[in-house]
Amino acid sequence: MSGDNYYLGDSVTMHGGTNNTGMVKNAAPAAMDPELRSAIAALTTQLRHLRGEVSPLGAQTIDESLPVLAPDAVVQPQVRTRALMAIAGVAATAGALGVPIVEAVNGILQLLGAQ
């Protein structure tokens, strides 16, 4: 097998240059699980209703989190998890109105393997 080359994962070869700081990855994001996609869509609907019932700061947190939660958003898993936890915090301050949202967030975190 001498001379056979097997490459798994990324391979980078650099010859000279300056200020080389990283590499661009052009891989398409993995498709989201349909169950997770459905759970996020339901949560998004609930958040739009909750938004009008919370403080301006809570509404801002929801506004900042919604794009990160979008099923087609290309974000690191940790970023999505932080957004979910921020939303759970806002929902927890909303009393009984926020209980279903906290439950939905916990379900999504389980689907993501973050809980």
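Note that this is a predicted model, so its numbers are computed, not measured.

1. Notes on the overall build of the protein
Here is step 1: Each helix and strand in the protein was counted, giving four helices and zero strands.
Here is step 2: A fraction of 51% describes how many contacts in the protein between residues 6 or more apart in sequence connect residues 24 or more apart.
Here is step 3: Taken as a whole, the protein presents about 8100 Å² of accessible surface, with 55% of it coming from carbon and sulfur.

2. Topic: the packing of helix α2 (residues 56-69) against helix α3 (residues 77-92)
A packed helix pair is summarised by two numbers, namely the angle formed by the two axes and the spacing between the axes.
Here is step 1: In contact at an axis separation of 9 Å, α2 and α3 are set at 150 degrees when each is read in the N-to-C sense. By the angle between their axes, α2 is roughly antiparallel relative to α3. Between α2 and α3 lies a crossing of left-handed hand. Residue-level inspection shows G58, T61, I62, S65, V68 and L69 of α2 in contact with α3, the latter providing V79, R80, A83, L84, A86, I87 and V90.
Here is step 2: When grouped by side-chain class, the residues that make up the contact of α2 with α3 number nine nonpolar, three polar and one charged.

3. Section: the pattern of salt bridges
Here is step 1: Going through the model one piece at a time under the given rule, you end up with two salt bridges.
Here is step 2: Residues R37 and D72 are paired through a salt bridge, measuring 3.2 Å at the closest nitrogen-oxygen approach. Taken together, the residues R37 in helix α1 (residues 34-51) and D72 in the loop between α2 and α3 connect sequence positions 35 residues apart.
Here is step 3: By relative accessible area, R37 is classed as partly exposed at 33%.

4. Quick word on the nonpolar core
Here is step 1: Counting 22 residues, the largest nonpolar core has L43, L47, L69, I101 and V105 as the members making the most contacts within it.
Here is step 2: Breaking this core down by element, the ones donating at least two residues are α1, α2, α3 and α4 (99-112).
Here is step 3: Considering every element that reaches this core, the biggest residue donor is α3, with six residues.
Here is step 4: The residues contacting L47, other than those within four sequence positions of it, are I62, L66, L69, I87 and I101.

Analysis parameters
- Residues numbered from 1 in each chain as written.
- Predicted model: local features only at pLDDT ≥ 70, side-chain atom pairs only at ≥ 80, totals over all residues.
- Heavy atoms only, no water.
- Helix = DSSP H or I, 4+ residues; strand = E, 2+ residues; numbered from the N terminus.
- Contact = heavy atoms within 4.5 Å.
- Areas by Shrake-Rupley, 256 points an atom, 1.4 Å probe, with all protein chains shown as cover.
- Axes fitted to C-alpha atoms, helices over the stretch in contact; angles between N-to-C directions.
- Parallel < 35°, antiparallel > 145°, perpendicular 65-115°, else oblique.
- Left-handed = near helix turned anticlockwise from the far one by under 90°.
- Nonpolar A, V, L, I, M, F, W, Y, C, P; charged D, E, K, R; others polar.
- Salt bridge = Lys/Arg side-chain N within 4 Å of Asp/Glu carboxyl O.
- Buried < 20%, exposed > 50% of the residue type's maximum accessible area, 1.4 Å probe, protein only.
- Core = buried A, V, L, I, M, F, W, Y, C linked by side-chain atoms within 4.5 Å.

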